[in-house]
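Structural features, examined
One-letter residues, chain by chain:
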Amino acid sequence: MQAIVLGSAAGGGVPQWNCRCPVCRLAWAGDPRVRPRTQSGLAVSYGGEAWLLVNASPDIRQQIAATPVLHPRSGSRHSPIQAVLLTNGDIDHVAGLFTLRESQPFDLFATAGILDAIAANRIFDVVNPACVPRREVRLEAPFEPVPGLLATLFPVPGKAPLWLEGEDPVIGEVGEGTVGVMFEADGRRIAYVPGCARVSDDLRQRVDGVDALLFDGTVLEDDDLIRAGVGTKTGWRMGHVPINGAKGAIAALAGCSIGQRVFVHINNTNPILIDDSAERRHVEESGWTVAYDGLMLDFAMSAELAKASPE
Ligand code: MLT
Ligand code: MN
Ligand code: ZN
């Protein structure tokens, strides 16, 4: 099983088009300590022939261009991308669908809750359902989005997409609107949770024992945006649990057995994006990796399975 982080940043990317927060300033200046990053996305495959995109960011065209295994391979029209799976309805996870509209068949998988949001907005019909069937996935029901790869969706605390928020949005609701994905092949497991408002007991139990967890690293502290002077929203208000703090991701997941811990969906205000920062050192000393675009995880068959299978 292979997973490639196509985009390691949150909505806006790094640098964000209109931002001069301390991290974006370094990025605009071309400082090598801050790698530019595109918006949130992952590609997953079993065997490398057919690929699943998890979320379709507004940067998908650039991400495909930067990733040779996703280039067309034969004939006059072709794509190794055979399926797209959505983990929520946020702009940074669905706007890339518009780029994928050139009558190329693929399956679009999501929960009923997410598919309903898309069905209610006619602009998504440019991705013609006759060509791109919308396949409803039930929570907890394993399915095979591309051959050999098993995926299971599970609910995580989240919130409605910004573009569907009402006056007083519920934060931390658990349902079909925000999900994590457990990928499994050859006895290896990768959990992908790019958006999560709170680390629940349920989440801890699910990710215990995985080979890799790619987890929401949007904000370092709950008040990152306020500190950086670029906004008034807390992480909680945006539906993102902080990295630090007693209930933050590092502490809340410390007791779980996890092969590789990787932060993804990192907002441009987050100082862990600066290579030599104290904040980066702190997360690395806590056993976490800060994802970058192009980061690849490649898991061969587990030792137990390999032993059990005939020569
Ligand atoms: C988020 O992850 O909080 C959203 O992507 C924000 C947005 O839609 O801009
Ligand atoms: Mn986002
Ligand atoms: Zn910024």
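See above for the structure.
Predicted model only: the values in this text are computed from it and were never measured.

Time to look at the packing of aromatic side chains. Counting across every chain of the model gives four aromatic pairs. Here Phe109 and Phe143 contribute two aromatic rings whose centre-to-centre distance is 5.0 Å and whose plane-to-plane angle is 40°, an arrangement assigned as tilted. Here Phe109 is found in strand S5 (residues 107-110), whereas its partner Phe143 is found in strand S7 (residues 143-146), with 34 residues between them in sequence. Exposure remark for Phe143: the relative accessible area of 12% places this residue in the buried category. Members of the aromatic cluster, joined through ring pairs, are Phe98, Phe124 and Trp163. Positioned above the aromatic ring of Tyr292, the side-chain terminus of Arg35 is 4.2 Å from the ring centre.

Moving on, we get to the coordination of the manganese ion (ligand 2). By definition of the ideal shapes, four donors in a tetrahedron about a metal sit 109.5 degrees apart, and six donors in an octahedron sit 90 or 180 degrees apart. Those donors, Asp92 (OD) and His265 (NE2), are the protein atoms that reach the manganese ion (ligand 2), and they lie 2.1 to 2.2 Å from it. In this pair, Asp92 sits in helix H3 (residues 91-94) while His265 sits in the loop between strand S12 (260-264) and helix H9 (278-285), placing the two residues 173 residues apart along the sequence.

On to the pairing of strand S2 (residues 41-45). Burial analysis of S2 places five of its five residues in the buried class, the great majority of the element. Residues Gly41, Ala43 and Ser45 of S2 are buried on one face, and the alternating residues Leu42 and Val44, pointing to the opposite face, are buried as well. In terms of strand pairing, strand S1 (residues 2-7) meets S2 through five bridges, oriented antiparallel. In the strand pairing of S2, Ala3 is matched with Val44. Note that S2 and strand S3 (residues 51-54) share four bridges and pair antiparallel. Bridging across to S3, Val44 finds its partner in Leu52. Here S2 folds back onto S3, and the loop between the two strands holds five residues, one of which, Gly47, carries a positive phi near 100°.

Moving on, we come to the site of ligand 1. By nearness alone, every residue bordering ligand 1 is listed as Asp90, Ile91, Asp92, Met238, His240 and His265. The contact in question runs from an oxygen atom of ligand 1 to an N or O atom on the side chain of Asp90, over 3.2 Å. One of the side-chain N or O atoms of Asp92 is found 2.8 Å from an oxygen atom in ligand 1. A majority-of-atoms criterion places ligand 1 in the largest pocket. Tallied by class, residues from the shell around ligand 1 come to two nonpolar, two polar and two charged.

Another aspect to go through is the sheet that holds strand S13 (residues 288-290). As summarised here, the arrangement of the seven strands in space is S7-S8-S9-S10-S11-S12-S13, forming an open sheet in which the pairing is mixed. Of all strands in the sheet, those with a lone pairing partner are S7 and S13, marking the two edges. Strand-to-strand twist in this sheet, taken as the mean axis angle between neighbours without regard to direction, amounts to 30°. Across two bridges, the pairing between S7 and strand S8 (residues 149-155) is antiparallel.

Time to look at the side chain of Ser8. Following the sequence through the fold, Ser8 ends up in the loop between S1 and helix H1 (22-28). With relative accessibility at 0%, the residue Ser8 sits in the buried group. Here the side chain of Ser8 touches Arg37 through a polar contact of 3.2 Å, side chain to side chain. Contacts of Ser8, omitting those with residues within four sequence positions, involve Arg37, Thr38, Val264, His265, Ile266, Ala291, Tyr292 and Asp293.

Looking now at the coordination of the zinc ion (ligand 3). The zinc ion (ligand 3) binds to the protein through Cys19 (SG), Cys21 (SG), Cys24 (SG) and Asn268 (OD1); the donor distances cover 2.2 to 2.3 Å. Counting along the primary sequence, the residues that act as donors to the zinc ion (ligand 3) give the motif C-x1-C-x2-C-x243-N. Classification of Cys21 as buried rests on a relative accessible area of 1%.

A few words now on unusual backbone geometry. Backbone torsion omega between Val14 and Pro15 reads -5°, so that peptide bond is classified as cis. The phi dihedral of Asn55 falls on the positive side, at around 75°, and the residue is not glycine. For Asn55, the location among the structural elements is in the loop between S3 and helix H2 (60-65). One non-glycine residue, Glu140, lies in positive phi territory at about 70°. Positionally, Glu140 belongs in the loop between strand S6 (134-136) and S7.

The topology assignment puts Ile274 in the loop between S12 and H9. Along the sequence, Ile274 and Val34 sit 240 residues apart, while their C-alpha atoms lie 5.1 Å from each other. Not counting residues within four places of it along the chain, the set of residues in contact with Ile274 comprises Val23, Leu26, Arg33, Val34 and Arg280.

What counts and how
- Residue positions are given per chain, counted from 1 along the sequence in the order it is written.
- Here every chain gets a letter starting at A, and every ligand a number starting at 1, in the order they are written.
- Per-residue local features are limited, in this predicted model, to residues with pLDDT of at least 70; the limit for side-chain atom pairs, both in listing and counting, is 80 or more; totals at the level of whole chains, interfaces and linings are taken over all residues.
- In computing side-chain values, all of the structure's heavy atoms are included and hydrogens and water are not.
- Within 6.5 Å between ring centres, the rings of Phe, Tyr and Trp (the latter by its six-membered ring) count as paired, and their orientation is classed by plane angle as stacked under 30 degrees, edge-to-face over 60, tilted in between.
- Runs of E in the DSSP output that reach at least two residues are strands. Runs of H or I that reach at least four are helices, and both are numbered from the N terminus.
- Residue burial is assigned from relative accessible area. The probe radius is 1.4 Å, only protein chains are included, and a residue is buried under 20% of its type maximum, exposed over 50%, and partly exposed in between.
- To sit over a ring, a charge needs its Lys NZ or Arg CZ within 6 Å of the ring centre and within 35 degrees of the ring normal.
- Only nitrogen, oxygen and sulfur atoms qualify as donors, and only when within 2.8 Å of the metal (3.2 Å in the case of Na, K and Ca); with water excluded, sites may look incomplete.
- For two strands to pair, DSSP has to find at least two bridges joining them.
- Throughout this document, a residue counts as near a molecule or strand when at least one of its heavy atoms sits within 4 Å of that molecule or strand.
- Two N or O atoms count as a polar contact when they lie within 3.5 Å, although within protein this holds only if one can serve as hydrogen donor and the other as acceptor, and sequence-adjacent residues are included solely when both atoms are side-chain atoms.
- In this analysis, the protein atoms alone were mapped onto a 1 Å grid. Cavities are point sets where a 1.4 Å probe fits without being able to get out; pockets are open sets with protein on both sides within 12 Å along at least five of seven lines; lining residues have an atom within 4 Å of a point.
- In this scheme, a molecule is assigned to a cavity or pocket if more than half of its atoms are within 2 Å of the grid points.
- Under the convention adopted here, Pro, Cys and the residues Ala, Val, Leu, Ile, Met, Phe, Trp and Tyr are nonpolar, Asp, Glu, Lys and Arg are charged, and Gly plus all remaining residues are polar.
- For helices, the axis comes from a line fit to the C-alpha atoms of the stretch in contact; other axes are also lines fit to C-alpha atoms, and the angle between any two N-to-C directions lies between 0 and 180 degrees.
- Residue contacts are counted whenever heavy atoms from the two residues lie within 4.5 Å of one another.

Structural measurements only, silent on function.
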